[in-house]
Every structure is written in C-alpha cells, then in structure tokens.
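Descriptive structure summary
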Amino acid sequence: MSDVVEKTLTALPSLLSLDSQPGSAKLSSTSKLGNLIRGITELTSKHEEEKLIQRELTSIKDQVSSPNTSMRQMKELMVRAIYCEMLGYEASFSYIHAIKLAQQGSVLDKRVGYLAVSLFLNESHELLLLLVNTVLKDLQSTNLIEVCMALTVVSQMFPKDMIPAILPLVEDKLNHPKEIIRRKAVLALYKFYLIAPNQVQHIHNKFRKALCDKDPGVMTASLHIYLQLIKENSEGYKDLTASFVTILKQVVGGKLPMDFNYHSVPAPWLQIQLLRILSLLGKNDQSTSEIMYEVLDESLRRAEMNHNITYAILYECVKCIYTIQPKSELLEKAAKCIGNFVLSPKINLKYLGLKALTYVVQQDPKLALQHQMTIIECLDHPDLIIKRETLELLFRITNGQNVTVIVEKMLDFLRISKDDYTTIDLVGKVAELAEKYPFETMNTVFSLGGDMMQPDIPNSFLKLLSEGFDSDEEDRKLRLFAVDSYVSLLQSEPNKLPQRFLQVISWVLGEYSHLSAELEPATVMTLLSKLLDLKHTSSETKSWVLMAMTKLCEGGVAISVAQDIYETHSSSMDTVLRQRAQELQHLSQDSELYLMGGVDSSLSFLDGFVSEALAAGAAPYKPPHQRQEELAQAKALSLEPYSLSLPISMSSCSIADRQSPTLMSMSSGLSGDSTDLSHKGGSTTLKLDGVKRVWGREGYLAQREPVEETAQVEVPSPLRSPSQQAEADSTQSQTPTPTVTPELEQDKQQLASSLFVGLGSQSSVCLMGKSDPTPQRFRRKAQGRASSSGASEKTPTSLGSTPSPVDNLLCNSLLDSNLVSEPTNQTPQASQSLDTTNGNCHEELTDVKENNPSLIHNNEEPDKPKDLCLSSHLPTELSGLSHSEITPLCSNQSVNLSACHVQKEDSLQLVIFIFNSSDSALQQMQLQVDSGELKVNYCLSLITDSPVEEVRSHSVAVCHYSVTVKRPSVHVEVLGMLSYQLPGGTPQTIQFSHKLPLTTFIRPLTLSTEEYGSMWLAFSQDTKQNLTLINDDQDPLTTTLNVLKKKLQLHVVEIIGVEGIVACQLVQDQPCLMHCRVHAGTLAVWLRSPVPDLPDCLLYHCQRALQEH
Amino acid sequence: MPFFMLLFSRQGKLRLQKWYVPLSDKEKKKITRELVQTVLARKPKMCSFLEWRDLKIVYKRYASLYFCCAIEDQDNELITLEIIHRYVELLDKYFGSVCELDIIFNFEKAYFILDEFLLGGEAQETSKKNVLKAIEQADLLQEVSHVKNCE
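All figures in this text were calculated on a predicted structure; none of them were measured in a lab.

Tallying secondary structure elements over chain B gives five helices and seven strands in all. Each helix (α) and strand (β) of chain B, taken in turn from the N terminus, gives the series β-β-α-β-β-β-α-α-α-β-β-α. The buried share among the 151 residues of chain B stands at 66%. The contacts in chain B between residues at least 6 apart in sequence include a share of 48% that link residues at least 24 apart.

Attention now moves to the packing of aromatic side chains. Applying the stated criterion across every chain yields a total of 18 aromatic pairs over all chains. Geometrically, the ring pair formed by Tyr 83 of chain A and Phe 107 of chain B is tilted, given 5.7 Å between the ring centres and 40° between the ring planes. Of this pair, Tyr 83 of chain A sits in helix 4 (residues 71–86) while Phe 107 of chain B sits in helix 4 (residues 107–117), each in a different chain. Judged on exposure class, the residue Tyr 83 of chain A and its partner Phe 107 of chain B are both buried. Linked through ring pairs, Tyr 83 of chain A together with Phe 107 and Tyr 111 of chain B together constitute an aromatic cluster.

Right, let's get into the nonpolar core. One finds Tyr 83, Val 135, Leu 189, Phe 192, Tyr 226 and Phe 244 of chain A together with Tyr 87 of chain B to be the most contacted residues of the largest nonpolar core, which totals 232 residues. Apart from the residues lying within four places of it in its own chain, the contact partners of Phe 244 of chain A are Leu 211, Leu 223, Tyr 226, Ile 230, Leu 274, Ile 277, Leu 278 and Leu 281 of chain A. Leu 889, Leu 908, Phe 1001 and Leu 1050 of chain A belong to the second largest nonpolar core, which has 59 residues in total.

A separate point is the state of the cysteines. Linking two cysteines covalently via their sulfur atoms produces the bond known as a disulfide. The tally for this structure, following the rule as stated, stands at zero disulfides over all chains. A disulfide-free cysteine, Cys 1097 of chain A has its sulfur positioned 9.6 Å from the sulfur of Cys 1072 of chain A, the nearest such atom. Overall, Cys 1097 of chain A belongs to the buried group, its relative accessible area being 6%. Among the cysteines around Cys 68 of chain B, which has no disulfide bond, Cys 69 of chain B carries the closest sulfur, lying 7.2 Å off. Owing to a relative accessible area of 0%, Cys 68 of chain B belongs among the buried residues under this scheme.

On to the pattern of salt bridges, then. Under the defined criterion, the tally for this structure stands at 32 salt bridges over all chains. Measuring nitrogen to oxygen at the nearest pair gives 2.8 Å for the salt bridge that ties Asp 383 of chain A to Arg 42 of chain B. One end of the pair, Asp 383 of chain A, is in the loop between helix 20 (372–379) and helix 21 (384–396); the other, Arg 42 of chain B, is in the loop between helix 1 (25–40) and strand 3 (49–52), on a second chain. Exposure remark for Asp 383 of chain A: the relative accessible area of 1% places this residue in the buried category. Look at Arg 42 of chain B and you get buried, because its relative accessible area is 15%.

The subject of this paragraph is the pairing of strand 10 (residues 971–981) of chain A. Residues and elements named next belong to chain A. Strand 10 sits mainly inside the fold: nine of its eleven residues count as buried. One ladder, built from six bridges, connects strand 7 (residues 923–930) with strand 10; its direction is antiparallel. By the bridge assignment, Gln 923 is partnered in strand 10 with Gln 981. Of the pairings in the sheet, the one linking strand 10 to strand 11 (residues 987–997) comprises eleven bridges and is antiparallel in character. Each bridged residue has a counterpart across the sheet, and for His 971 the counterpart in strand 11 is Pro 997. Linking two consecutive strands that pair antiparallel, namely strand 10 and strand 11, is a turn of five residues; a positive phi of about 80° is found at Gly 984 within it.

What follows concerns the side chain of Glu 56 of chain A. Residue and element names in this part refer to chain A. As for its placement among the helices and strands, Glu 56 is situated in helix 3 (residues 46–65). Relative accessible area serves as the criterion here: at 13%, Glu 56 is assigned to the buried category. A polar atom in the side chain of Glu 56 sits 2.6 Å from the side chain of Arg 80. The contacts of Glu 56, once residues within four sequence positions are left out, are Leu 36, Arg 80 and Cys 84.

Each partner contributes residues to the interface: chain B has 73 residues there, and chain A has 77 residues. When chain B packs against chain A, close to 6,900 Å² is buried across both sides, 59% of that on carbon and sulfur atoms. Summed over the shared surface of chain B and chain A, the result is six salt bridges. Between Lys 13 of chain B and Glu 49 of chain A there is a salt bridge, and its shortest N-O distance comes to 3.7 Å. Put simply, chain B and chain A have 21 residue pairs in polar contact (both at pLDDT 80 or more) between them. At the level of secondary structure, the elements contributing two or more residues to the side of chain B that touches chain A comprise strand 2 (14–19), helix 1, strand 3, helix 2 (77–95), helix 3 (100–105), helix 4, strand 7 (122–123) and helix 5 (128–150) of chain B. Looking at which element gives the most residues to the side of chain B that touches chain A, the answer is helix 5 of chain B, with 17 residues. For the side of chain B that touches chain A, the per-class residue count stands at 28 nonpolar, 17 polar and 28 charged.

A separate point is the sheet that holds strand 3 of chain B. Residues and elements named next belong to chain B. Strand order in the open sheet made by the five strands is 2-1-5-4-3, with antiparallel pairing throughout. At either margin of the open sheet sits one strand with a lone partner, and together these are strand 2 and strand 3. Each strand of the sheet is rotated relative to its neighbour by a mean of 20°, with strand direction disregarded. When strand 4 (residues 55–62) meets strand 5 (residues 65–71), the two strands line up antiparallel, connected through seven bridges. Pairing of Arg 61 across the sheet is with Tyr 66, part of strand 5.

Moving on: unusual backbone geometry. Residues and elements named next belong to chain B. In the Ramachandran plot, Ala 63 falls in the positive-phi region, its phi being about 50° despite a non-glycine side chain. Within the secondary structure, Ala 63 sits in the loop between strand 4 and strand 5. Its identity is not glycine, yet Ser 97 carries a phi of approximately 45°, on the positive side. Note on placement: Ser 97 falls in the loop between helix 2 and helix 3. A relative accessible area of 56% means that Ser 97 is categorised as exposed.

Residue and element names in this part refer to chain A. Between helix 18 (residues 347–360) and helix 21, whose axes approach to 9 Å, the crossing angle comes to 15°. Taken as axis vectors, helix 18 and helix 21 run roughly parallel relative to one another. The two elements helix 18 and helix 21 meet at a crossing, and its hand is left-handed. Across from Ile 347, Tyr 351, Leu 354, Lys 355, Leu 357 and Thr 358 in helix 18, the residues of helix 21 making contact are Ile 385, Ile 386, Glu 389, Thr 390, Glu 392, Leu 393 and Arg 396. The residue inventory of the contact of helix 18 with helix 21, partitioned by class, reads seven nonpolar, two polar and four charged.

What counts and what doesn't
- Residues numbered from 1 in each chain as written.
- Chains lettered and ligands numbered in written order.
- Predicted model: local features only at pLDDT ≥ 70, side-chain atom pairs only at ≥ 80, totals over all residues.
- Heavy atoms only, no water.
- Helix = DSSP H or I, 4+ residues; strand = E, 2+ residues; numbered from the N terminus.
- Buried < 20%, exposed > 50% of the residue type's maximum accessible area, 1.4 Å probe, protein only.
- Contact = heavy atoms within 4.5 Å.
- Phe/Tyr/Trp six-rings, centres within 6.5 Å; stacked < 30°, edge-to-face > 60°.
- Core = buried A, V, L, I, M, F, W, Y, C linked by side-chain atoms within 4.5 Å.
- Disulfide = S-S within 2.5 Å.
- Salt bridge = Lys/Arg side-chain N within 4 Å of Asp/Glu carboxyl O.
- Pairing = 2+ DSSP bridges.
- Polar contact = N/O pair within 3.5 Å; in protein donor to acceptor, adjacent residues only side chain to side chain.
- Buried area = accessible area lost by both parts, 1.4 Å probe.
- Nonpolar A, V, L, I, M, F, W, Y, C, P; charged D, E, K, R; others polar.
- Axes fitted to C-alpha atoms, helices over the stretch in contact; angles between N-to-C directions.
- Parallel < 35°, antiparallel > 145°, perpendicular 65-115°, else oblique.
- Left-handed = near helix turned anticlockwise from the far one by under 90°.

Structure below.
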C-alpha cells in the first residue's frame, strides 16, 4: 500500500505545474512571514522591533483562538510564532495550538505542528502529555510519513511516564519493512533508554536484532544504544567485540554501499562510533584488545587521505590505541600520527594534536619531548584556545623541576583570561601545583584568582602555615617570610587586593608578626587599621582584621590605635564588628587579661553560677539543636527559618566559634596526602573541591631552586643529549616558521629545557645533575598530634599571641584538682614513680617442662602451645580470673617476652612473661616498664613489688603490675626494656612496647538515676556526637545500649522512651556519664566526665564497638 | 552528541536554534547571547573550537552565517565540524546553492532537514541522498494536498 503511495508521489512533480526543484527558495514575497521578516529588517532600533513583534504576537494570538481559523492558516501562524520565539519573544499562548495542529491537521499541517511542539516545549513540559494520544494515533497510521513524524518527535522528547503507552508500538516498528522506520524506531528506543533505562530493559534482545539488521543505517543507529550500554557495563558486552571488529573491518574495507561515503571516506560516523565502542571494550583487557589490534592497524593505514574527516577518524583511532592494552607497534604508529597533527599548519589539527598529546602524555611523557619546540610555539599562540590546551598539556607533565616555569605560564594566562570558568579551573590547577612549592605562587594566586576561588584554598593554606612541617626552624622561616611579604604588600597597594587575600593576610599578621624582630606590633596595627578605612573592605574582612588586631594590641601606640578603632566601630551597624571592637578595646586596656591568654572552652568557671541558678529553680540549659529537636517533636511551630544559621563559611565560623580556621578546615578539607592522584588519574577534568594540601616543607625554598637551575642552563645545546637535540632540530625544520631569529630561537630552547626537564629519562637527569627524577614529596607532620593532645591545646586564634605550655599545664592541673575527687595519695605517688619505675614484680620461677624446645628456639612456633603453658604461670591470685590472650611482645635468641592482662574490679593487672630460651641462666635481669617516654603525657602508675634478678635456662619469670590510668587516651601504650646478662657475656637489652585499649580500664558504674542527675551537672568535660544505631528489631535503643554494655562494660542506668542514660568509670573512680537519645535514625550521644579526654576516648570506643557489631 | 546547534548571522541575529538538552528559555537566551558574542569576536584564522563554560564549542562560518555546535570535552571536535559541513551540504542541495535568505524565509524547512539528519542529537542518516529523499517525500505530499485543496 505504502509503496503504491510512494510511486504515485515520485511521479507527481512532472504532472504538476509546480517548481520542479522541490525545495527551491520561494521568497514568498506575499506571505505574512515574509512581510514580518522584511518589516523587521527595515527597522533601525531594538525598541521599534519590540513594538512590531508585540503587535504581531497580538494578531497571532487573536487568530489562533478564533474558531474560524483553518488548519492551513494555523500552520502559517505557527511558523510566525516560531519566528517570534527565535527572536527572543515569548509566545507561550501558541504552545497549546501547536499541539492541536499536530493532532488535527492534515499531514502537511501536522509536520509544522510537530516541529513547533519540538521547538517550543522541552521534555519536562506538562503540555507534552497532550501529545501522547496524537503520537499513538500517528504511530498506527498507514501513512509512512505520519509514522516518521511521530517517531521523530518521540526521539526528541517524550514524557518519561508515558513511555509504556507507546513502547509496544515502537517495538513493532523494529520489524517494519521500511528501513527508515526501523532506524527511527531504534533511535526512539535509544531516547527511551537515555531517559528511562529500566523501561526498555526487557527488549535488549531486540537491540541485538537491530545490530544485525541488513540495512547499515539501522545498524548504525543501534550502535548509539550499544555505546551507552557499554559505557555503563563493558563486561556484559565483551562477546560482541568480534562482531564490532568485523563490522569495522567491512566498513574500512569499503564494503558498504557508496551512499554511505562522505567525501569518499566510507561511513566515517559509523567508524568513529565503532572505535569508541572498541576502546571501551578493550580498556584493561588484554585478550579483548588483542582481537582489535589488526583492525586498528588497518584503520590507521586506510585513513591516509588528506581530509578533515580522515583526521577525525585518525584521532579517534589514536585515542583508542592509547586506551586499550598497549601494543608497541601500534603505539609507534599512533605517536607518528599525533606528530602529524601537532606539526600541521592547520590550526584545528594542531589543536587536536595537542589534545591527543594531553591524552597520551600520561602514559608516555617522552612524546611531549619530541614536540617540545612546537609546544613552546603554541604557548605563544595568538589564539587563546591553543594556549589553553598547551597549558593543559604542560599541567600533565609538571614535575618537581619544571613547576616554576609552568606555573609562571599559567599565571600569565590567568592575567589575560576574562572567562570565569577558565579562571576557576586554572586557579585550581595552579593551587594544586603550588602544593609542591607554596609561597609566592600562592600570593599571586590569591591576588589574581581572588574572590573567585573556592573557599577551601585559602583555608588549607592557613592550615598548612599553622600546622607547619617537620622542623620548627623551617616553620619559623616560612612564617617569617609570609609576614615580611605581607607587610610589604600592605605597605604598597592594599586596596587592590581581593577580600579573601586580605583575610589571609590579617590572620597571618595577627598570628605570626611577633616572629619578626624589627616589626613593632604598633606598625602592624597601623597597617591593619588602614584596611578598615578602605571603602571596599567587606565587613567579613573587617572582622578578620579586628581579630588580628586583638592579638596584637599591646604597648603604647597600639593602645591608642585600638582606642581609635573602638571609637569608630563601637557604633557600627554590624554587631559582629561592634563586638570585636569592644573586645579589642577591653584587651588593650587590661594588660593582665591580655596576658592571661588561653580560653577555657568548657566554661567551667561558670559552673558555680550555673548550679546556683539551677538550685534557684532555673531550667537547665539546653543547646540550640536539642531545643529544636524537642520543639520538632512537640509538633510546635517550626522556628527554623528564624533560627540561628549554622556557620558555613570559614570566616564566620571562626568568628562565631572562636576557633581557628585551621580547625575548621580539618573537617572540611580532604585528607590528601598524595599529589600523585591528580597526575596519574585519567580524568581530564579537574575537581576543584578539596584541593589537596601537600605543601612542601621546603616551601618557597624549593621554588628558588629551579630558578637557579634554569639559569645554569644558559647554553642549552652542549648540555642537551644528542638525541634530544636532533629531535628539536627536526622539529624546527618542519615547523613553518623559518623567520625566527637565532636569539629568539635560543630563548625558546632555553624555555624548552626548563619546561621539559625531568621528562626524558636521560636528558633531565644529567641536565640537572639530579639522580632522582621524581619530585620530592614533602610530608606534613603527623596529624595525630593535634587530635590526641588535650582539648585545651593552644589553637592559633586563641587570644594570647604567644603559645605557652606553662599556662596550659597550670590550667589543667587547676581543673583537675578542682573537679576530680581523685584519691590524693595517688597523684603524687604516680608522678614520682613515673620515670624511675623499675620492673618489680611478683616473681615465680618454675621449671618449664618443655615438650618441644626446638620449636621455641625457632621463634616461629605457633603461639598456641606456648600460650597454654605460659598461662599456667599466671600469679596465683590471678589464676582464677579470666585473662586476655597472651600476646608476644618481642624476642631474641635468648629471651621471649609476652604479655597479657587481667581485668580486676579496681585495677588492671598487666602480666609480662619472660621466657629464657637459652641454655644458660639470665642474670642481673632488670625489667623497666614505663610510659613516660611517650609524647602524650598520660602515664600509668605502677604498683610494684620486689624484683627478679635471675631466670634459669628454659624457665619462665613472671612480672606482674597493677596498672591504672592517670590520663586517658584511646590506646594506652606501655614501653618496656629488659636488660640482662648471660653468664660470661656482655649486658644485653631488649625493648618492647605494648598497647592496651582504654576499654580494658573501663568498669561499670552502678548509679541511681538521681545520683546520675546530680553528677551530670557537676562534670565539665563533654562531647557530643551522633552514632549509628543498630537497627535489627523493634527497640533499637535497647539493642544498641546492650551491645555497648557487653563490649565496653558500661552500666545502663535507665532507659525511658527514646532516651537512655549510661554510666561507667575508669578504674580508680573516674566516672564518665553518657546520655543517649534516638533522633532521626541515629543515636545522639552526649558524654560527660570530670576527666579531660575521657569522653572523647570513650566515644571513639563506642563508635568502634558499634561498627564492629 | 551535540548539546545544541545555533545558526546566526554576522550581525548576531539568530537564524536557527535546536536544543538537544532541556533548558529553560532564560538559560537558552543567556547562552545564545554569550555565545554569539564570543564567536563573533573571533578572528577568521583562529581555531574553530573554543572552550566555553564546561563545553566545547565547534563553529564554522559559511558566507554570512555562523554554524555553531556545543559538545562535551571528550567528544571529537573534527567530526562535529564535519556534521556542520554535511548539514550545509544538505541545505545547499535542497535549496540549490543556499544563501542566508533561503534559511531566513524557509527556516521551517531547514529544521526539517536538520531533524532528518540529526535525531535527538545523534547523526541519524548520513547519506545525503537518503536525507533529501525523505524530505522531498514529505514536501511532495504537501504539494499534493495543496493541489487537492485547490481542487
């Protein structure tokens, strides 16, 4: 039937007296559209155009809604509406009429109706639902053209939820005799797959059928689906590799009909699609890659014609070769290919060459070496995009030696770039490179990138500066350098610096300007106060400046400056500023207060006041979040929109919480210890969030070095290796810029030597005289220190400017003696016995009936038998109690040391077994057990007895300690040293360390709820956190608390509803209380104790216990 | 896969726009305005590609008309350039040595051809003959109905 129609149609033109050229431009001089268009072109001003279009739109509006308008006229109106929309005027009133036209019009009107719909609406538009019926009807039409139109619109947009309605019809079309219908149906299914993959899951076998379609067009269309499928799951389609290879082979071999040729290249689009699919399939898969080597080689060979389309194929081919498992022969050819691109005088090809080079350079950095002269030329290319791509390439080949030059180039580009996106991207990259060599780069980055950059960049910079590196001397130098350079910056032109940079400057000056001997605080104060007067300084920056001044206000001039500032800002509209000014004034007047320094964040000095108030009947304080939870639960009015907004930006946070920005960034920053990732990772786009912070210890020093090095390479040619020279020469001869003067050329070569240093294996190393080609990685000081040391650790922004450990200690001990009801005899005793504790023990010597002595001598024996026999040596008073697993501590040829512990109600008993595995007796044995050597200043008090001095051959001596914790830590470490002498030998020592988790010291604390209540208020150290809830039955709270009870020996005092209270103590009466409430699927835990760090440590173990569960 | 295709004149007047990603009108206008400005500012000898936001723009000027496509960074710029070229060839064949006026006055035809060539952003039919055949068939039908209407 349709064939008949078709035949009639093809015969028609000759019968009709119409223009025989079907699409010939009829300028439709009389049509209304023509008039409109002409009218617009005659107008001179935008205003007139607006008026004309509005008039036009009104007339269209009138006509479309008139019942007398025929569909034919409607079509005309729609075209005009489309035109108006294209000019940027809204014609939304016509949308519904477009749908109507598609629905009711005859075939010719329908076409315009569908077109208007596809131009007016996007796939989320609600009116699209009205189109579903029309599409349904047209899909069932016997008219080919109607079916085509319906499929075309469906492939462009269709409401996701309505797919099931038409899916069977579209599926049917896969069997249609006409290939154009089959092809469009496949594309419609592709669209469905993109917007709702699960809807077409069941017809994957139909995709296969489409892939095997006898019409190449239908097969090509199905490849779109396969590319998508393989992108998501390449494993599932490995079996098709051979088929794809065969298809590609046929295409490349010219087996397709001539129709598919494009400029005599067979089906280039198809080839590219296949190459993409193959590269996905062959990635990381040797055997699959092997299948395609041959056809890739063939493709490379065939695509030799000098036309853009062949280059497009070549480019895809090269990409594929470098993506799949490498084959050296192919790589060589691909590299040559890239060379042709890069050297091409055509700018588009050059660009693509650079892009390909950027892609492959990660695997083969030497390839960049071959083209270094071209790359240098591209760096100075007048077209920014070429420059940009070159920088991208350089970014990938950056190493420790060429980083200076490359960053310099990037910064040059930043200076001329106007585009925000490029700036953000490049700033991120520079910052990333600057990790390796921070200082001056960062200044430039801050002043150029300014307020555009991600907030965590300055954040991590400050963190770096405050945490410092391994050596104090380096830290001091770096900070001093920072202070000096910032002071000079402020002295010159502070008004041009971006806000973020000013904030960084103020913080650094406030914190570290005391390091500089010649710098008076008053001078800094004056400089800073100038910032306050600048017009464009934001109030956020002003707060930073005032904070800095608060740290500096000391001495005569400073006080007067502070007074001035107080006067100007005490009436500021900004409350934060007002408060800062107040503080500044107070501190500058009251030098005692100023010197006191240190902040008691627990506000324990208010405890007395609070308990008085409570006794007088005041309601206990609840933190805002708890209040809000309660409000929410009580279904009261939601106050959320008016509640205090949580501090988000680092600055507001540091102001509000009086915490240093460094502490803030601890939580926000990523822990990035390796810069490797970014260079090795294949991603072409750069993630800007969380720029890693591996700044170097050598800091700005490292930055100096390469500069000097470049200077040494003034005369490049004799220093360069012959092969490299030849490479460069050949590049020069091929590049189409023969007019370069020799000096210029030399400049370039010099630049080249500084850029490509460290890439080739031979050249760089001998050039720089460095044997280590990999850039030196600087490591930051272990983070552990900050977290393990006490809560009262000095943070950089606390008010006093000089950190003094004396203050802290004083503070702590005051705190302790105030709050802890420690047995008074224990503390002094413990501190005295700290350093000099000798290994004194309950001693029991027994002969060991050794069944298998050779095993023990081997040191490799399994623990089990020894464990068994060792446990029999436990001191008598402990033998009835359960002991922990006996863990080996250390051993040498004559001694084996192992340990276990026994938990008693009031203490922990540590037992150390000394097994003499030699044939002679150990004499003058002395065991020292000690924990004073640790940096963390907790200690164990060891109650001891008489020493052992001699251990006979093959026997065991047992040392037994009673251990209590003085200051808690997550793991308590015991260090020990055993010294002994074999008869006739020299004295020997053996050292060991043993870790005891804090949990071994925790005992349940039996309390009543009332006692709990009164204790709760008295304790000052607290911690809050949300823990995961164990959700296995109806009562998650009870379950969770039971797990904790079992694992950590806590005492569950009471559970009421969603809240539970739990108590425990550290041996020797150091209580810790825990309050739990179930909230939003998590367990909100609040721990309180009089002992510093105990809540934190206990929380850690709770977390662990729940995780392990 | 192209995100959108724009045709605009040397004076910056939009002649054709096809969006393959759903965007609001406001965004479309903003993108068009920015892009037209950027492309028009470029000199003739410059590269046909440019980075714009996180997209790659591929453009080519034919007489007074600029053809401009937005693609992803990992897409193949050259093949996009050839897509543009094939489209121009199709227009040329259909209108018979096409000029800007043809497209202005018959922009709906230009859309029909584009839809027949690129469907949902993917090259659907790359054979010149087949594309034009499909268009002509629909056109003929139109003429037939005209005749019928006249009768």
